[in-house]
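Understanding the architecture of this molecule
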Amino acid sequence: MADKAALVLPGGGARGAYQVGVLKAIGEIIPGRANPFPIVTGISAGAINAGVVASNADDFGRGIERLEKLWSGLRCNQVYRTGWLHNLTTGLHWLAAMTLGGLGVANPKSLFDNRPLAELLEREFHPQRVSEAIDANHLHALTVTASGYSTNRAVTFFQAGQGASEWQALRRIGRRTRIDHRHLLASSALPLIFPAQRLEHEFYGDGGMRQTAPLKPAIHLGADRLLVIGTRDELPDPEPATDTAYPTLGDIGGSLLDVIFMDHVSADLERVERINQLLERLPEDHDSARKRPVKTLLLRPSEDLRAIAERHAHRIPASVKALLRGIGAWGSGRMAGFLLFEGEYCRELIELGYRDGLAAAESIQELFGQTAAGHLR
C-alpha cells in the first residue's frame with residue numbers, strides 16, 4: 001500500500017470546472033500517459049470529475065481532454081430542467097405546500113429536476129473501464145462519498161483492487177461496491193436544490209454534508225501523498241464599511257454550501273498536519289513511529305470565484321432566475337456560482353485552474369518526487 005498518490009476532489013457545483021484546469025496543468029507537469037494517481041476520491045461535483053479520471057486511468061491525458069470537453073460545452077439544461085413551464089410548476093408546488101401545510105399536496109422534493117444530469121453521467125461515465133483499469137494496475141481505487149438521509153452518516157462507496165478493506169468510524173463508513181453513474185448522481189445531489197437519490201435501501205444526498213474527514217478514505221486505502229484541488233479561495237473578505245443588508249436565502253444557502261464543500265477539507269488538512277508533526281517527534285522505537293507521515297498539497301483558486309460568477313450570472317436561464325428570485329435565493333454571486341453550469345463560465349474557471357496549476361509546478365513536482373526536468377529522483 002506504500003508509495004501511493006491520491007487525488008482528492010471535493011465539491012463545489014459548477015465550480016468543479018476549476019478542478020479540470022488544474023488537472024490539465026498536472027498533465028503537462030507530470031508528462032506521460034500513465035495515471036499519476038493510483039487512488040482517486042471525489043465528493044459532489046468532484047465525484048463526477050473523479051469518475052471520469054478513474055475511467056480513463058489508462059490514459060490520463062485522454063481523461064482530462066474528456067473532462068475539458070464536457071465542462072466547456074455545458075449548459076444548465078444539461079444538468080437540470082430549465083423550462084418555464086416546469087419551473088413555474090415547481091414554484092407553485094412549493095407555494096402550495098407551504099400555504100396549505102401539506103394538506104392535499106405532496107411535499108416537493110427539490111427546487112430543480114436533475115434528470116438531465118443523470119442522462120449525461122450515464123453517457124460519460126463508463127463503469128467497465130474502472131474495473132479494467134483496476135485489473136490492469138492503472139488504478140488502485142475510486143471512491144465516491146454520499147450522505148445517507150436515514151442513517152445520517154457519510155458512506156464512501158469504493159471500488160478497489162485486492163487488499164482494500166471496508167471501514168467504519170463515527171458516522172462514516174467505507175463500503176466496497178461497483179460504482180456506476182447513480183453513485184455520482186447521489187454524491188452531487190445538492191441539498192434542497194437537487195433530489196435525493198436511492199442507492200440500495202436508502203436515499204442519499206451530497207457527500208459533503210456528512211463527510212467531516214474527506215481525506216480519510218484516501219489515507220485508509222494506502223495513500224501517502226494527497227493532492228487536493230479546492231474550489232474556494234482563502235482570501236479573507238473585507239470588513240464592511242457600512243451596515244450590510246439582511247442576508248438573502250441566496251447568501252445563507254451559499255454560505256452553507258461553502259461550509260459543506262471546503263471547511264471540512266481545511267479542517268482535515270490541519271488534522272493531518274498535526275498528526276504528521278506528532279509522528280516526527282516520536283522516538284523511532286515507538287509503536288506509532290511505524291506509521292508514515294502523509295504529504296499533502298492543497299491547490300485552490302487564486303481569485304474569488306464569486307466575482308467570476310457575478311460576471312456570468314446573466315447566462316443563467318431566465319426561468320431559473322425567476323424561481324430563485326421568488327424564494328429570495330437570487331442576487332448572490334456565491335449561490336449563482338454553484339448553479340452556473342454554462343460553458344463560458346466553466347471555461348473561465350478551467351483557464352484559471354490551468355494557470356494556478358502551472359504556477360504550482362514546483363510544489364507538484366516535489367509532491368511526486370521529481371526534478372524540474374520531470375525525472376524521478
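The rules behind the values
Residues numbered from 1 in each chain as written. Predicted model: local features only at pLDDT ≥ 70, side-chain atom pairs only at ≥ 80, totals over all residues. Heavy atoms only, no water. Buried < 20%, exposed > 50% of the residue type's maximum accessible area, 1.4 Å probe, protein only. Helix = DSSP H or I, 4+ residues; strand = E, 2+ residues; numbered from the N terminus. pLDDT = per-residue confidence, 0-100. Patch = residues over 30% accessible without salt bridge, like charges linked within 9 Å, V, L, I, M, F, W, Y side chains within 5 Å. Areas by Shrake-Rupley, 256 points an atom, 1.4 Å probe, with all protein chains shown as cover. Salt bridge = Lys/Arg side-chain N within 4 Å of Asp/Glu carboxyl O. Axes fitted to C-alpha atoms, helices over the stretch in contact; angles between N-to-C directions. Parallel < 35°, antiparallel > 145°, perpendicular 65-115°, else oblique. Left-handed = near helix turned anticlockwise from the far one by under 90°. Contact = heavy atoms within 4.5 Å. Nonpolar A, V, L, I, M, F, W, Y, C, P; charged D, E, K, R; others polar. Core = buried A, V, L, I, M, F, W, Y, C linked by side-chain atoms within 4.5 Å. Pairing = 2+ DSSP bridges. Arc of directions from axis to C-beta.

1. What to know about helix H2 (residues 45–55)
The α-helix advances 3.6 residues per turn, and as a result positions three or four apart in sequence lie on the same side. The element H2 is extensively covered by neighbouring structure, given that eleven of its eleven residues are classed as buried. Turning to H2, its buried residues are Ala45, Gly46, Ala47, Ile48, Asn49, Ala50, Gly51, Val52, Val53, Ala54 and Ser55.

2. Some remarks on the confidence of the model for the protein
Here the protein averages 88 in pLDDT, and 92% of its residues register 70 or above. Looking across the protein, the model is least confident in helix H4 (residues 84–100), with a mean pLDDT of 76, and most confident in helix H13 (residues 343–359), with 98.

3. So, a nonpolar patch on the surface
Nonpolar side chains collect at one region of the surface, where Leu88, Leu92 and Leu95 lie side by side and expose about 300 Å² of accessible area between them. Relative to the helices and strands, Leu95 resides in helix H4.

4. As for the packing of helix H1 (residues 17–29) against helix H3 (residues 60–72)
With their axes 10 Å apart at the nearest point, H1 and H3 run at an angle of 150° to one another. It follows from the interaxial angle that H1 and H3 lie roughly antiparallel. Crossing handedness for the pair H1 and H3: left-handed. Along its contact with H1, which presents Ala17, Val20, Leu23, Lys24, Ile26 and Gly27, the element H3 presents Phe60, Ile64, Leu67, Glu68 and Trp71. Residue composition of the contact of H1 with H3, grouped by class: eight nonpolar, one polar and two charged.

5. Here we look at the nonpolar core
Counting 109 residues, the largest nonpolar core has Phe112, Leu227 and Ile364 as its most contacted members. If we ignore the near neighbours within four places in the chain, the residues touching Phe112 are Tyr80, Arg81, Asn87, Ile193, Phe194, Pro195, Val320, Leu323, Leu324 and Leu339.

6. Description of the pairing of strand E4 (residues 153–160)
Side-chain positions along a regular strand alternate between the two faces of the sheet. With seven of its eight residues buried, E4 lies for the most part within the structure. Sheet analysis places strand E3 (residues 141–148) next to E4, joined by eight bridges and oriented antiparallel. Pairing of Ala141 across the sheet is with Ala160, part of E4. Of the pairings in the sheet, the one linking E4 to strand E6 (residues 172–176) comprises five bridges and is parallel in character. When the sheet's bridge partners are listed, Val155 is paired in E6 with Ile173.

7. Description of helix H6 (residues 127–135)
For H6, the full list of buried residues reads Pro127, Val130, Ser131, Ala133 and Ile134. End-on, the buried residues of H6 take up no more than an arc of 160°, which puts them together on one face. The inward-facing, buried residues of H6 abut H2, E3 and E4. Once H6 ends, the next one or two residues include Asn137, with phi positive near 65°.

8. With respect to the packing of H1 against H13
Orientation of H1 relative to H13, taken along the N-to-C sense of each, is 40°, at an axis distance of 6 Å. Considering the angle they form, H1 stands oblique to H13. Between H1 and H13 lies a crossing of right-handed hand. Note on element contacts: H13 touches H1 through Cys346, Leu349, Ile350, Leu352, Gly353, Tyr354, Asp356, Gly357 and Leu358, opposite Ala17, Tyr18, Val20, Gly21, Val22, Lys24, Ala25, Glu28 and Ile29.

9. A word on the environment of His181
If you trace the backbone, His181 turns up in helix H7 (residues 181–187). C-alpha separation for the pair His181 and Asn77, spaced 104 residues apart in sequence, amounts to 18 Å. Residues contacting His181, with those up to four places away along its chain left out, are Ala118, Leu121, Glu122 and Phe125.

10. Digging into the pairing of strand E2 (residues 39–43)
In terms of residue burial, E2 counts as a mostly covered element, since five of its five residues are buried. Residues Ile39, Thr41 and Ile43 of E2 are buried on one face, and the alternating residues Val40 and Gly42, pointing to the opposite face, are buried as well. Sheet analysis places strand E1 (residues 5–9) next to E2, joined by four bridges and oriented parallel. Each bridged residue has a counterpart across the sheet, and for Leu7 the counterpart in E2 is Val40.

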